[in-house]
Each structure stands twice: as structure tokens, then as C-alpha cells.
Amino acid sequence: MGRIAYVNGRFVPHGQAVVHIEDRGYQLADAVYEVWSLFDGRLADADGHFARLERSLAELAIAMPMSRRALTLVLREAVRRNRVSDGILYLQISRGVAPRDHAFPNPGVRPSVVITVKSLARAAVEAKAAKGVSVVTTSENRWGRCDIKTVGLLPNVLAKQKAKEAGASEAWFVDDLGFVTEGASSNAWIVDSDGRLRTRDTNANILRGITRHTLLRVIAEQGLEVDERPFTPAEATAAKEAFITGAGALVLPVIAVDGRKVGDGAPGPLATKLRRLYIERARAGAV
Ligand SMILES: Cc1ncc(COP(=O)(O)O)c(C=O)c1O
């Protein structure tokens, strides 16, 4: 059975799923998106992702195309039709289709909604996590509203390509003061040389990761503390451990930064444990 996509009220074969050439998402990146990880065919961290979606839309004055309840039903139906158990659901909402003009269409148009679902081979994902991944660093060059999850991802695209060409999986943006902001599609963490968990605070110009948020709760339940304070790439390579979080990565150990080992160059025990605890929590809470 082939993949099925959702486009503006219709479920269609993936290969025939199209939007209009004057969709503002396509022409102007005037669109937001969300990504849910799927466990047992259910949406992980559902409320957090819905809340961030609503916030991203509100910040850009794009209307929520339907109620959260109705959207939940559509997302679930997309998962069901694709018969996906473990995987990823992608939702994109653009301001809609209108003759090309930078300013908002007046009168307004209906937002466009696109949903795709893909399966992930859990065994391959776990094998990757057991090996850990490398990251490279790159200069922060994004706009000032990285808290909004827009499809304007060109700096992230270029950063990921740089990582790929270096044989790495992720790129960490580094700001003018020399501190890591976040990854191209993940939040960045270390267990510093004093053994303290550290990650950038969300007052910085970063995406407020939902996986990050849930993991903070998991960590608190373990009686551990997190220092929401920036770190440099040098502190990352001097750290005991490093890892990234995101709906795709979940909690993924980082074993090298710019070719320099983190710790002994193998996934750290705390990152490995937090990955297990996060997955348990996400699976149990998925809806
Ligand atoms: C730039 C960026 N930071 C962080 C994240 C992690 O966010 P979440 O945990 O909500 O997936 C993502 C996820 O795609 C991202 O694109």
C-alpha cells in the first residue's frame, strides 16, 4: 500500500499530492509546521506540539484552519491510512493561495493544510543512537524569531548540508559571543566537566523544543538539575557527554564536535539513560 498525504481536506496518494504554485508557503515561506514522533501509531507530546503550533500561527496572524480537536482527528486519520506504527508526522499550514504580493492577502484566504506521515525502522534508529552521532559547528545566521516554527529553513538546510559533507548528522549554530544556540533541527545539551546538565535557555533566539520541555520534566523526576545556561563548542568537547533532542532525534548522544571527541567518544551513560526514559514517557503519553 502506498503512502497517503492530506492536502486541504482530501486524502490523496502521496505521488499526486500537490499545492497551487501561488501557495504562499511555496513562494514566500509564509507558513509554519510541526512534527510529531509516532509511537504505536499515536502522537507523542501531542499537547506541547499543538500549543506551539497555535502559538506559531498566532505570531504570524495565520488562522488555525480548524479546531485542535478536529485537527487531532485528521492527524490520527492520516496515521491510520498510512498504517504507520513508529514514525514521524509532518504538518504544514501556510497562509494560503493568493496572487503573489508580500503583504497579507486582503481579504484573507483560507490557510493551506498539508500532512505527510512516514514510517521509521525503529531498529535502525536505535542502532544509530547506540553509536552516537557527530556534529559540526556553523555561524548563527538566522532571523531573530527562531521561536516561531516557520518553513523558512534555508540557513538550517545549508547547515545540515555542511554537516553531511563533513560526515556528521547535525550542525550546531554558534552565536556572535561564541555560544551554541541550537542544532539545525534539534536542541543542544551537554553534561559539563562538572557533571551538570546544561542546555540553552529559551529566552535565547531558539526554538522552544517540545522534546526538550518533556525531557526537563523527566530529568526533574530523576532528582537531577539542569543549568539552562549557554555553552561553547570548547566546553562541549571538554564535557563528559553531549546530546541533542528533537521529535526526530528524540534524545540522541553526540560523540564528536568538529571532529573532536566528546568524553571518550562513545555515547554517555546519562544521555543513554535519558533516551530510554524519554521514550518510555513519550510512548506512555502518546494519544
Ligand atoms: C531548529 C530546531 N530546534 C529544535 C528542534 C527540536 O524541537 P522539538 O523537540 O519540538 O522537535 C527542532 C525540531 O525540528 C528544530 O528544527
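As a reminder, the structure under discussion sits directly above these lines.
First, a word on scope: everything that follows refers to the structure included in this document. (Residues numbered from 1 in each chain as written. Predicted model: local features only at pLDDT ≥ 70, side-chain atom pairs only at ≥ 80, totals over all residues. Heavy atoms only, no water.)

## Some remarks on the packing of aromatic side chains
Then, number 1: A complete count under the given rule lists 5 aromatic pairs for this structure.
Then, number 2: Between tryptophan 189 and phenylalanine 243, the ring centres sit 5.2 Å apart and the planes meet at 20 degrees, which makes this aromatic pair stacked. Of this pair, tryptophan 189 sits in strand E10 (residues 187–191) while phenylalanine 243 sits in strand E13 (residues 241–246), and the two are 54 residues apart along the sequence. Accessibility classification places tryptophan 189 together with phenylalanine 243 in one group, the buried group. (Phe/Tyr/Trp six-rings, centres within 6.5 Å; stacked < 30°, edge-to-face > 60°. Helix = DSSP H or I, 4+ residues; strand = E, 2+ residues; numbered from the N terminus. Buried < 20%, exposed > 50% of the residue type's maximum accessible area, 1.4 Å probe, protein only.)

## Notes on the sheet that holds strand E5 (residues 87–94)
Then, number 1: One open sheet holds the 6 strands; their spatial order is E2-E1-E6-E5-E3-E4, and the pairing between them is antiparallel. The open sheet is flanked by strand E2 (10–13) and strand E4 (42–43), the only strands paired with a single partner.
Then, number 2: In this structure, E5 lies alongside strand E6 (residues 112–119), joined through 8 bridges in antiparallel fashion. Note on E6: the bridge partner recorded for isoleucine 88 is lysine 118.
Then, number 3: Helix H2 (residues 46–59) rests against strand E3 (31–39), E4 and E5 of the sheet, and its axis sits at about 175 degrees to E3. (Pairing = 2+ DSSP bridges. Contact = heavy atoms within 4.5 Å. Axes fitted to C-alpha atoms, helices over the stretch in contact; angles between N-to-C directions.)

## Describing the site of the ligand
Then, number 1: Around the ligand sit 19 residues in total, of which Arg52, Glu182, Ile210, Thr211 and Ala247 are the nearest.
Then, number 2: Arginine 52 places a polar side-chain atom, nitrogen or oxygen, 2.8 Å from an oxygen atom of the ligand.
Then, number 3: Lysine 149 places a polar side-chain atom, nitrogen or oxygen, 2.9 Å from an oxygen atom of the ligand.
Then, number 4: Its free accessible area being 390 Å², the ligand has 94% of it covered by the protein chains.
Then, number 5: Of all the elements in the fold, those that place two or more residues in the shell around the ligand are H2, strand E9 (180–183), helix H6 (210–221) and E13. (Near = heavy atom within 4 Å. Polar contact = N/O pair within 3.5 Å; in protein donor to acceptor, adjacent residues only side chain to side chain. Areas by Shrake-Rupley, 256 points an atom, 1.4 Å probe, with all protein chains shown as cover.)

## Structural notes on helix H3 (residues 68–82)
Then, number 1: Given a rise of 1.5 Å per residue, 15 residues ought to cover 21 Å, and the 21 Å separating the end C-alpha atoms of H3 matches this to within 8%.
Then, number 2: Regarding H3, the residues found buried are Leu71, Thr72, Val74, Leu75, Ala78, Val79 and Asn82. Each buried residue of H3 sits inside an arc of 165 degrees when the element is viewed along its axis, so together they form one side. In H3, the exposed positions angled more than 90 degrees off the buried face are occupied by Arg69, Leu73 and Arg80.
Then, number 3: Just downstream of H3, arginine 83 is the residue with a positive phi angle, here 50 degrees. (Expected span 1.5 Å × (residues − 1). Arc of directions from axis to C-beta.)

## A look at the pairing of E6
Then, number 1: Counting buried positions along E6 yields 6 of 8 residues, so the element is predominantly enclosed.
Then, number 2: Bridging between strand E1 (residues 4–7) and E6 involves 2 bridges; their strand directions are antiparallel. Among the inter-strand pairings, valine 7 is bridged to a residue of E6, identified as valine 114.

That's the geometry; what it means functionally is another story.
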